[in-house]
Amino acid sequence: VQLQASGGGLVQAGDSLTLSCAASGRTSNIYAVGWFRQTPGKEREFVAAMYWRNSGTSYGKSVQGRFTISRDNAKNAAYLRMNSLKPEDTAVYYCAAKRIFTPSDLAQLASYGWWGQGTLVTVSS
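Everything in this summary refers to the structure shown in the same document. (Residues numbered from 1 in each chain as written. Predicted model: local features only at pLDDT ≥ 70, side-chain atom pairs only at ≥ 80, totals over all residues. Heavy atoms only, no water.)

**What to know about the sheet that holds strand S3 (residues 17-24)**
To summarise the sheet geometry, strands pair through backbone hydrogen bonds and adopt either a parallel or an antiparallel arrangement.
In step 1: Ordered in space as S1-S3-S8-S7, the 4 strands form an open sheet in which the pairing is antiparallel. Only two strands of the sheet have a single partner each, and these edge strands are strand S1 (2-6) and strand S7 (67-72). Between one strand axis and the next, the sheet turns through 15° on average, direction left out of account.
In step 2: Bridge analysis of S1 against S3 gives 5 bridges, and the strand direction is antiparallel. Among the inter-strand pairings, Ser6 is bridged to a residue of S3, identified as Ser20. (Pairing = 2+ DSSP bridges. Helix = DSSP H or I, 4+ residues; strand = E, 2+ residues; numbered from the N terminus. Axes fitted to C-alpha atoms, helices over the stretch in contact; angles between N-to-C directions.)

**Examining the state of the cysteines**
In step 1: Per the stated rule, a full pass over the model turns up 1 disulfide.
In step 2: Here Cys21 is linked by a disulfide to Cys95, with a sulfur-sulfur distance of 2.3 Å. With the S-S bond torsion at 65°, the cross-link from Cys21 to Cys95 turns out right-handed. Taken together, the residues span a long stretch of sequence, with Cys21 in strand S3 and Cys95 in strand S9 (residues 91-99) at a distance of 74 residues. (Disulfide = S-S within 2.5 Å.)

**Side note on the pattern of salt bridges**
In step 1: What the rule picks out here adds up to 3 salt bridges.
In step 2: A salt bridge links Glu45 to Arg37; the shortest N-O distance between them is 2.8 Å.
In step 3: A relative accessible area of 33% places Glu45 in the partly exposed class.
In step 4: With a relative accessible area of 6%, Arg37 lands in the buried category.
In step 5: Salt bridges linked by common partners bring Arg37, Glu45, Arg66 and Asp89 together as one network. (Salt bridge = Lys/Arg side-chain N within 4 Å of Asp/Glu carboxyl O. Buried < 20%, exposed > 50% of the residue type's maximum accessible area, 1.4 Å probe, protein only.)

**What about unusual backbone geometry?**
In step 1: Here the phi dihedral of Asn76 falls at roughly 55°; this positive angle occurs in a residue that is not glycine.
In step 2: One can find Asn76 in the loop between S7 and strand S8 (77-82).
In step 3: Residues other than glycine seldom take positive phi values, yet Ser84 does so here, at roughly 50°.
In step 4: Of note, Ser84 is situated in the loop between S8 and S9.
In step 5: With a relative accessible area of 41%, Ser84 lands in the partly exposed category.

**Considerations on the side chain of Thr119**
In step 1: Counting through the fold element by element, Thr119 comes out in strand S11 (residues 119-124).
In step 2: Separated by 3.0 Å, the side chain of Thr119 and the backbone nitrogen of Gly8 make a polar contact.
In step 3: Once residues lying within four places of it in the same chain are set aside, the contact partners of Thr119 are Ala5, Ser6, Gly7, Gly8, Leu19, Ala91, Val92 and Tyr93. (Polar contact = N/O pair within 3.5 Å; in protein donor to acceptor, adjacent residues only side chain to side chain. Contact = heavy atoms within 4.5 Å.)

**What about the side chain of Lys98?**
In step 1: Note on placement: Lys98 falls in strand S9.
In step 2: Look at Lys98: it is buried, it has no salt bridge, and the nearest opposite charge is Asp105 at 6.2 Å.
In step 3: Here the side chain of Lys98 touches Ser111 through a polar contact of 3.0 Å, side chain to side chain.
In step 4: If we ignore the near neighbours within four places in the chain, the residues touching Lys98 are Asn29, Ile30, Tyr31, Ala32, Pro103, Ser104, Asp105, Leu106, Ser111, Tyr112, Gly113 and Trp114. (Lys, Arg positive; Asp, Glu negative; His and termini not counted.)

Put into structure tokens, the structure is as follows:
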């Protein structure tokens with residue numbers, strides 16, 4: 001599976017932004033998709049994730065209520081809608097996917113075997 005993230009950019013605090021993640025290859029093997037983010041000198045942080053074939057979702061505490069993950073199976077795509085952006089949301093955002101028969105914990109970074117390149121989101125104050 002190959003993943004391509006897009007949609008990052010420079011926005012102001014309070015603005016909204018939607019990131020997209022296009023999946024290709026053996027997408028039938030995808031069990032869940034997720035978004036993670038990373039800033040220089042810090043570990044990659046869980047943002048949001050959802051199962052590929054049912055509606056279960058999970059969100060990181062810092063984005064709960066502001067970000068929404070969704071998917072379009074017909075397009076093999078996942079999205080991250082980010083509302084009420086804050087300067088502390090500035091990071092490189094990565095989409096990731098994991099295969100069937102991996103741990104079901106959506107927030108477990110190590111369980112994701114497929115990663116896209118990052119897309120930079122910069123939120124100015």
